[in-house]
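# Structural overview
Here are the chains, one letter per residue:
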Amino acid sequence: MINDEIRVREVRLVGANGEQIGIKPTREALQMAIDLNLDLVNVAPQAKPPVCRIMDYGKFRYEQQKKDKEARKNQKIVDVKEVWFRSNIEENDYQTKFRNVVKFLKAGDKVKCSVRFRGREIAHANVGQRILERVKVEVADICTVERQPKLEGRSMIMILAPKLKEN
C-alpha cells in the first residue's frame, strides 16, 4: 500500500535515507513524503504500528523488477525426461534407451525410468525390477536414485537425478 491507500491512524516512519523518524500520524507522514516529492510506502503492514518508509516507489519497483528478472535468468529449470522400457526388451533396444538416460542425466535433467507391463506381463514384475536395477547400477557414478523402483498400476517407475557438480 502506498500514499492514500494506507488507512491506519498512526505509523512508525522511516525516512528517505533509512533514519528512524518515529511514530507519527498517517496524515503527517504523508505530508512529509509529499514535501520531499516522494511516496509513503507501507513496508511492514503486520507490525504494530505498521512501518512506513518514505521512498520513490516507481524507482523501487523498477529495481525490484530488475532483481527478479536477473534471478529468473540465472535459475536452471530441471526437466523430467521419461524413458520407457518393456519387460521383454532386447539388448540393442536396451542400449539405445540406456544411452538416452545417460544423455539426459549429463544434460542436467532428471530421468523417470519406467517399465510398462501389458496383459499377463504384470505377473512377472520381477523382470521389470531387474531391468531398472540394471539401469541403476550402470549409471550409479553419474546420478543418484531419487525414488527406488516401485510398481504403480501397470508400470514400475524409478526416478534418477543427476549428481551435483562440485566446484
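Residues numbered from 1 in each chain as written. Predicted model: local features only at pLDDT ≥ 70, side-chain atom pairs only at ≥ 80, totals over all residues. Heavy atoms only, no water.

### Topic: the sheet that holds strand β4 (residues 51-55)
Sheet architecture is open: four strands sit in the order β2-β1-β4-β3, paired in mixed fashion. The open sheet has two free edges, formed respectively by β2 (20-25) and β3 (39-44), since each of these has just one partner strand. Neighbouring strand axes in the sheet, compared pairwise and without regard to direction, differ in orientation by 35° on average. Pairing of strand β1 (residues 10-14) with β2, which is carried by five bridges, proceeds in the antiparallel orientation. Looking at β2, one finds that V14 is bridged to Q20. Seen against the sheet, helix α1 (residues 26-35) touches β1, β2, β3 and β4 and runs at an angle of roughly 125° to β2. (Pairing = 2+ DSSP bridges. Helix = DSSP H or I, 4+ residues; strand = E, 2+ residues; numbered from the N terminus. Axes fitted to C-alpha atoms, helices over the stretch in contact; angles between N-to-C directions. Contact = heavy atoms within 4.5 Å.)

### Side note on helix α4 (residues 125-138)
The terminal C-alpha atoms of α4, which comprises 14 residues, lie 20 Å apart, in line with the 20 Å expected from a rise of 1.5 Å per residue. Taken as a whole, α4 has its buried residues at A125, G128, I131, L132, V135 and K136. Taken around the axis of α4, the buried residues stretch over an arc of 135°, which confines them to a single face. Relative to its buried face, α4 has exposed residues pointing more than 90 degrees away, namely R130 and V137. Tucked into the core, α4 has its buried residues touching β5 (80-86), α3 (91-106), β6 (110-116), β7 (143-152) and β8 (155-162). (Expected span 1.5 Å × (residues − 1). Buried < 20%, exposed > 50% of the residue type's maximum accessible area, 1.4 Å probe, protein only. Arc of directions from axis to C-beta.)

### Observations regarding the nonpolar core
It is characteristic of soluble globular proteins that their nonpolar side chains tend to be buried jointly. Counting 21 residues, the largest nonpolar core has F85, V101, C113, V135, V139 and L160 as the members making the most contacts within it. Elements that contribute at least two residues to this core include exactly β5, α3, β6, α4 and β8. Looking at which element gives the most residues to this core, the answer is α3, with six residues. Not counting residues within four places of it along the chain, the set of residues in contact with V135 comprises F85, Y94, F98, C113, M158 and L160. By size, the runner-up hydrophobic cluster in this structure holds nine residues, among which are I6, L13, C52 and I54. (Core = buried A, V, L, I, M, F, W, Y, C linked by side-chain atoms within 4.5 Å.)

### Considerations on the packing of aromatic side chains
Scanning the model with the defined rule gives three aromatic pairs in all. Consider the rings of F85 and Y94, whose centres lie 5.9 Å apart with planes at 35°: the pair is tilted. Just as F85 is buried, Y94 falls in that class too. An aromatic cluster is defined as three or more aromatic residues linked by ring pairs; in this entry it consists of F85, Y94 and F98. We note R116 situated over the ring of W84; from NZ or CZ to the ring centre the distance is 3.7 Å. (Phe/Tyr/Trp six-rings, centres within 6.5 Å; stacked < 30°, edge-to-face > 60°. Lys NZ or Arg CZ within 6 Å of the ring centre and 35° of its normal.)

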